[in-house]
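The residues making up each chain are set out below.
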Amino acid sequence: AHSCIESIPELNNMVAGVQALGNIRVFCRCRPLSREESSNGCATVVDFDAAKDGDLGVLTGGSNKRTFKFDRVYTPKDGQVDVFADASPLVVSVLDGYNVCIFAYGQTGTGKTFTMEGPEHNRGVNYRTLEQLFSVARERSDAFTYNLSVSVLEVYNEQIRDLLATSPASKKLEIKQTSEGSHHVPGIVEAKVDNINDVWSVLQAGSNARAVGSNNVNEHSSRSHCILCIMVKTKNLMNGECTKSKLWLVDLAGSERLAKTDAQGERLKEAQNINKSLSALGDVIYALATKSSHIPYRNSKLTHLLQDSLGGDSKTLMFVQISPSEHDLSETLSSLNFATRVRGVELGHARKQI
Ligand code: ADP
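Residues numbered from 1 in each chain as written. Predicted model: local features only at pLDDT ≥ 70, side-chain atom pairs only at ≥ 80, totals over all residues.

**Quick word on the site of the ligand**
No. 1: Around the ligand sit 13 residues in total, of which Arg31, Gly111, Lys112, Thr113 and Phe114 are the nearest.
No. 2: Broken down by element, the residue count for the shell around the ligand peaks at three residues, all from helix α5 (residues 112-116). (Near = placed C-beta within 6 Å. Helix = DSSP H or I, 4+ residues; strand = E, 2+ residues; numbered from the N terminus.)

**Some points on the sheet that holds strand β3 (residues 55-61)**
No. 1: Overall, antiparallel pairing links the three strands, which are arranged β2-β3-β4 in an open sheet. Of all strands in the sheet, those with a lone pairing partner are β2 (46-47) and β4 (64-69), marking the two edges.
No. 2: In this structure, β2 lies alongside β3, joined through two bridges in antiparallel fashion. Each bridged residue has a counterpart across the sheet, and for Asp47 the counterpart in β3 is Gly57. (Pairing = 2+ DSSP bridges.)

**Examining the packing of helix α4 (residues 80-92) against helix α6 (residues 125-139)**
If you want to describe how two helices pack, look at the angle between their axes and the distance between the axes.
No. 1: For the pair α4 and α6, the least separation of the axes is 10 Å and the interaxial angle reads 55°. Here α6 runs oblique to α4, going by the angle between their axes. Between α4 and α6 lies a crossing whose hand is right-handed. Contacts between α4 and α6 pair Phe84, Ala87, Ser88, Val91 and Val92 from the former with Val125, Arg128, Thr129, Gln132, Leu133 and Val136 from the latter.
No. 2: Split into classes, the residues belonging to the contact of α4 with α6 amount to seven nonpolar, three polar and one charged. (Axes fitted to C-alpha atoms, helices over the stretch in contact; angles between N-to-C directions. Parallel < 35°, antiparallel > 145°, perpendicular 65-115°, else oblique. Left-handed = near helix turned anticlockwise from the far one by under 90°. Contact = placed C-beta atoms within 7 Å. Nonpolar A, V, L, I, M, F, W, Y, C, P; charged D, E, K, R; others polar.)

**What to know about the pairing of strand β1 (residues 24-30)**
No. 1: Counting buried residues in β1 gives seven out of seven residues, a clear majority hidden from the surface.
No. 2: Alternating residues of β1 divide into Ile24, Val26, Cys28 and Cys30 and Arg25, Phe27 and Arg29, and every residue in both groups is buried.
No. 3: As paired elements, β1 and strand β14 (residues 315-322) share seven bridges and run parallel to each other. Each residue of the ladder has a partner; that of Ile24, found in β14, is Thr316.
No. 4: Across three bridges, the pairing between β1 and strand β5 (residues 72-74) is parallel. Its bridge partner being in β5, Phe27 is matched across the sheet by Arg72. (Buried ≥ 20, exposed ≤ 12 C-beta atoms within 10 Å, placed from the backbone.)

**Digging into the environment of Met116**
No. 1: Locating Met116 in the fold gives a position in helix α5.
No. 2: Classification of Met116 by C-beta neighbours within 10 Å gives buried; the count is 24.
No. 3: Placed 89 residues apart in sequence, Met116 and Phe27 show a C-alpha to C-alpha distance of 13 Å.
No. 4: Not counting residues within four places of it along the chain, the set of residues in contact with Met116 comprises Ala104, Gly124, Val125, Asn126, Leu249 and Asp251.

**Considerations on the pairing of strand β12 (residues 225-236)**
No. 1: Bridge analysis of strand β7 (residues 144-156) against β12 gives 12 bridges, and the strand direction is antiparallel. When the bridges of β12 are listed, Thr145 appears paired with Lys235.
No. 2: With 10 bridges connecting them, β12 and strand β13 (residues 242-251) associate as antiparallel partners. Bridge assignment links Cys229 to a residue of β13, and that residue is Trp248.
No. 3: Counting the residues between successive antiparallel strands, the hairpin from β12 to β13 contains five residues, one of them, Gly240, with a positive phi of roughly 75°.

**A closer look at the UniProt feature "binding site: ATP" (unreviewed entry) in the protein chain**
No. 1: According to UniProt, the positions carrying the feature "binding site: ATP" (unreviewed entry) are Gly106, Gln107, Thr108, Gly109, Thr110, Gly111, Lys112 and Thr113.
No. 2: Relative to the helices and strands, Thr108 is located in the loop between β6 (100-106) and α5.
No. 3: Not counting the four nearest positions on each side in its chain, Thr108 is found in contact with Ser222, Gly254 and Glu256.
No. 4: Residue position: Thr110 is located in the loop between β6 and α5.
No. 5: Not counting residues up to four positions away in its chain, the partners in contact with Thr110 are Arg31, Gln321, Ile322 and Ser323. (UniProt positions renumbered as here; feature names shortened; annotations may be inferred.)

**Topic: unusual backbone geometry**
No. 1: Notably, Glu158 is not glycine yet its phi reads approximately 60°, a positive angle.
No. 2: Structurally, Glu158 is set in the loop between β7 and β8 (159-162).

**Some points on α6**
No. 1: Look at α6: 21 Å from first C-alpha to last across 15 residues, which is about the 21 Å you get at 1.5 Å a residue.
No. 2: Considered for burial, the residues of α6 that qualify are Val125, Asn126, Tyr127, Thr129, Leu130 and Leu133. (Expected span 1.5 Å × (residues − 1).)

**So, the packing of α6 against helix α7 (residues 196-211)**
No. 1: Interhelical geometry of α6 versus α7 gives an angle of 155° and a closest axis separation of 10 Å. Taken as axis vectors, α6 and α7 run roughly antiparallel relative to one another. The handedness of the crossing between α6 and α7 comes out as right-handed. Of the residues in α7, those in contact with Asn126, Leu130, Glu131 and Phe134 of α6 are Ile196, Val199 and Leu203.
No. 2: The residue inventory of the contact of α6 with α7, partitioned by class, reads five nonpolar, one polar and one charged.

**A look at helix α11 (residues 329-342)**
No. 1: For α11, built from 14 residues, the straight-helix expectation of 20 Å at 1.5 Å per residue is met to within 8% by its first-to-last C-alpha distance of 20 Å.
No. 2: For α11, the full list of buried residues reads Glu331, Thr332, Ser335, Leu336, Phe338, Ala339 and Val342. Along α11, the residues classed as buried sweep out an arc of 155° about the axis, all on the same side.
No. 3: Contacts made by the buried residues of α11 are with β1, β3, β4, β6, α9 (265-289) and β14.
No. 4: Immediately beyond the C-terminal end of α11, within one or two residues, lies Gly344, with a positive phi of roughly 75°. (Arc of directions from axis to C-beta.)

Here it is as structure tokens:
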């Protein structure tokens, strides 16, 4: 099976607008209440009664409940292994020549970095992906050779930074189009990785570089998009054919709306740039999901950078990360609305259940 769609057949008949969805999937993951929230007696506003069917309930006050539909819903009890089991067919499809993008979207503190990076003893999608790619590449070594390399980038205030560069770029990094029409950033480091140990040191180098030049690393990372790009060169040993494909793993900037009164100067600029790029991303995926004739890739650095891997026969997965806490209700609803729109199944496009 090449794709997530084939390997999760029930998804095919699941939702309104399923045809329009094509290669776009949205998985919702809710983090557990933190120790502090639990000890403060914080109430939970999410209900997972129908999580197995992809339904997430949100208690919006009084006896009101809204239900959101996703391709998968993970409860706080679901672990990294459960999440990766569903993402795995999608990531492996990069070895079949597909371009793939995986995003983690949500308010700061909802587990985007946990899902993508994960702690060292309980790694997330990024590391598991590379482990899986090496393992499948080994299994297929009679028929194919694969060369893997990785870049680690950050997009902050609409500027691209190469986190693997050993010296600061002398010029601004810009996205260029090749004569064949593909997009790339000339001059960025593409580190060849032959095994999982190589990967670990590259990821470490990337994360150390993120800290440079910022006095609060956590704050900085919540305001920038952190991007791991895995480039795959495949040679088919039977016919000598060579192909290239890319897999992007993106830990997005926090989606929270900063209180208008707080934001001034640099903060305001950051907030505007985050809003701009997250809404541009939402618009692109929505346009793809609804098969719009115009896909507005150029509205942000992020969508422009990922252009070759968003659309066509590329595959897209978005994790919408949420908090279970009553205190985060309005941000949770805002993230769930964003994710629902991205799936292209908002009212105007809803079709009858099949
Ligand atoms: P974000 O990247 O969205 O800002 P983090 O990944 O830093 O959020 O997560 C915030 C906190 O919640 C961290 O302490 C993280 O370990 C914890 N956390 C998030 N998701 C989970 C989860 N599914 N299981 C256990 N802990 C989680």
